[in-house]
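Coordinate inspection notes
The residues making up each chain are set out below.
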Amino acid sequence: MHQPGIPHLAAADPQVAALVEGEARRQFEKIRLIASENYVSAAVLEATGTVLTNKYSEGYAGKRYYEGQQFIDPVETLAIERAKALFGVDHANVQPYSGSPANLAVYLALANPGDTVMGMALPAGGHLTHGWGVSATGKWFRSVQYGVRKDTGRVDLDEVRALALAERPKLIFCGGTAIPRTIDFAGFAEIAREVDAVLVADIAHIAGLVAGGAHPSPVGHARIISTTTHKTLRGPRGAMLMSDAEFAKPLDKAVFPGLQGGPHNHTTAAIAVALGEASQPGFRTYAANIVANAKALADALLARGFDLVSGGTDNHLILIDLSNKGVGGKPAAKALDRAGIELNYNSVPFDTRKPFDPSGVRLGTSAVTTRGLTVDHMPRLAEWIDRAVAAGDDTEIDKIAAEVRELLADHPMPGWV
Ligand SMILES: Cc1ncc(COP(=O)(O)O)c(C=O)c1O
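Just so you know, these numbers come straight off a predicted model, no measurement behind them.

Cut-offs and rules
Residues numbered from 1 in each chain as written. Predicted model: local features only at pLDDT ≥ 70, side-chain atom pairs only at ≥ 80, totals over all residues. Heavy atoms only, no water. Helix = DSSP H or I, 4+ residues; strand = E, 2+ residues; numbered from the N terminus. Rg over C-alpha atoms; globule rule 2.2 N^0.38 Å. Contact = heavy atoms within 4.5 Å. Lys, Arg positive; Asp, Glu negative; His and termini not counted. Charge placed at Lys NZ, Arg CZ, Asp CG, Glu CD. Salt bridge = Lys/Arg side-chain N within 4 Å of Asp/Glu carboxyl O. Buried < 20%, exposed > 50% of the residue type's maximum accessible area, 1.4 Å probe, protein only. Pairing = 2+ DSSP bridges. Near = heavy atom within 4 Å. Polar contact = N/O pair within 3.5 Å; in protein donor to acceptor, adjacent residues only side chain to side chain. Areas by Shrake-Rupley, 256 points an atom, 1.4 Å probe, with all protein chains shown as cover. Nonpolar A, V, L, I, M, F, W, Y, C, P; charged D, E, K, R; others polar.

1. Comments concerning the overall build of the protein chain
Within the protein chain one finds 16 helices and 15 strands. Over its C-alpha atoms the protein chain spans a radius of gyration of 21 Å, differing by no more than 12% from the 22 Å that the globule rule assigns to 417 residues. On the principal axes, the C-alpha backbone points of the protein chain span a range of 60 × 60 × 35 Å. Sequence-distant contacts, at least 24 apart, represent 71% of the contacts inside the protein chain between residues at least 6 apart. The positive charge centre, built from 40 side chains, and the negative charge centre, built from 45, are 2 Å apart in the protein chain.

In structure tokens, the structure reads:
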């Protein structure tokens, strides 16, 4: 049953309620390995479902365009103060609707259409909004893209430096969406300084690891930090921009009125709750466990002959190149989904297949760690993945799904009782 309960929804709109219940059960019964997902706490879930969704509050605390901000202003201020304390930054803006608009606000604040910008190419692990061609950021700016080395699967800072020196970008994005290795913020910062660019660290994936001390912090290196709040940080769907005091005004102006109207106050409250949770000592253990689980899963997959991009992981994320298994990423992801193991098919660096039918799958351990799975469970996960990828028929896959359900029955999920 969905928790908090949804009796009013069930009475008013049974059709939607049944779909919500179905999704809650699905999340309970699946080993969720999508690297960008997690399970929020019941407290975060409650905050997103409050009357704060009724309120408009364009502007910033103390300077709004609508009356009645007696409770919204303190909610937003609380979220900001918690973000500043948790990450150790001068300035935080908690209004971006999500990670993509947060990144767009960075461009709006610091660049003009046609300016040269630099980011990691999507197939190498970067995000669309780091200047990839189909994104507005690739269409409206002159985007140059760095990748990873073919022999290591890792970023080569000498190549990044050479490209930056040749192209002189105004902005350099580091971070991405499929990077299994530690990001060298200090190394990127040195390059940005050499070419007089502003370094933007997009820590959407690793924000929870940074907050929990399980990944180095970009603070002191990147002058702007962009993050979503819903991945390893385990908050609601949303985003934040953080920076030195120097960029506070241009970033705030870019978010509102530059790009957005009223902030989503129910989300802001839930971000405040999630940041409160992330500042508890237990969150450091959680972040360490995410990484320990990812390393244990990577080791178990390697032992079964899987080919991992860069040879392993330093964080929550694993990228498997399935070429040596003779199966594409998409059919493997579909078989795994039926087996109760949810992940996404993903391009691997230098992929010879198309993005919609790529060679790889991407996994992350944030959600399973929230469910309480430990390093001792990871060999079993690797075994299931191996069996499902190799399975010739649905009988074997359905057998795995039953085993998965049995394991998860003993691991409570926030949001489901
Ligand atoms: C590194 C990075 N930046 C930005 C985003 C965009 O976030 P959203 O999907 O909330 O727009 C993502 C999403 O996966 C991401 O991985």
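2. Regarding the pattern of salt bridges
Counted by the stated rule, this structure contains 27 salt bridges. Across the salt bridge formed by Glu342 and Arg26, the nearest N and O atoms sit 3.3 Å from each other. Here Glu342, found in strand S13 (residues 341-342), pairs with Arg26, found in helix H2 (residues 14-29); they are 316 residues apart in sequence, far enough to count as distant. Given a relative accessible area of 9%, Glu342 falls into the buried group. Between Arg161 and Glu194 there is a salt bridge whose closest N-O contact spans 3.0 Å. Taken together, the residues Arg161 in helix H7 (residues 157-167) and Glu194 in helix H8 (residues 185-194) connect sequence positions 33 residues apart. Relative accessible area serves as the criterion here: at 37%, Glu194 is assigned to the partly exposed category.

3. Regarding the sheet that holds strand S12 (residues 317-321)
Reading across the sheet, the four strands line up as S11-S12-S15-S14 and stay open at both edges, with antiparallel pairing between neighbours. Sheet topology places strand S11 (307-308) and strand S14 (344-346) at the edges, where each strand pairs with a single neighbour. Sheet topology note: the S12/strand S15 (residues 360-364) ladder contains five bridges and is antiparallel. From the neighbouring strand, Asp321 faces S15, where its bridge partner is Gly360.

4. Notes on the site of the ligand
In the vicinity of the ligand, 13 residues are found, and the nearest of them are Ser98, Gly99, Ser100, Asp202 and Lys231. Between the ligand and Gly99, the relevant distance is 3.0 Å, taken from an oxygen atom to a main-chain nitrogen or oxygen of the residue. At a separation of 3.2 Å, an oxygen atom of the ligand approaches a polar side-chain atom of Lys231. Here the ligand loses 85% of its free accessible area of 390 Å² to cover by the protein chains. Broken down by element, the residue count for the shell around the ligand peaks at three residues, all from helix H5 (residues 99-110). The class makeup of the residues in the shell around the ligand is one nonpolar, 10 polar and two charged.

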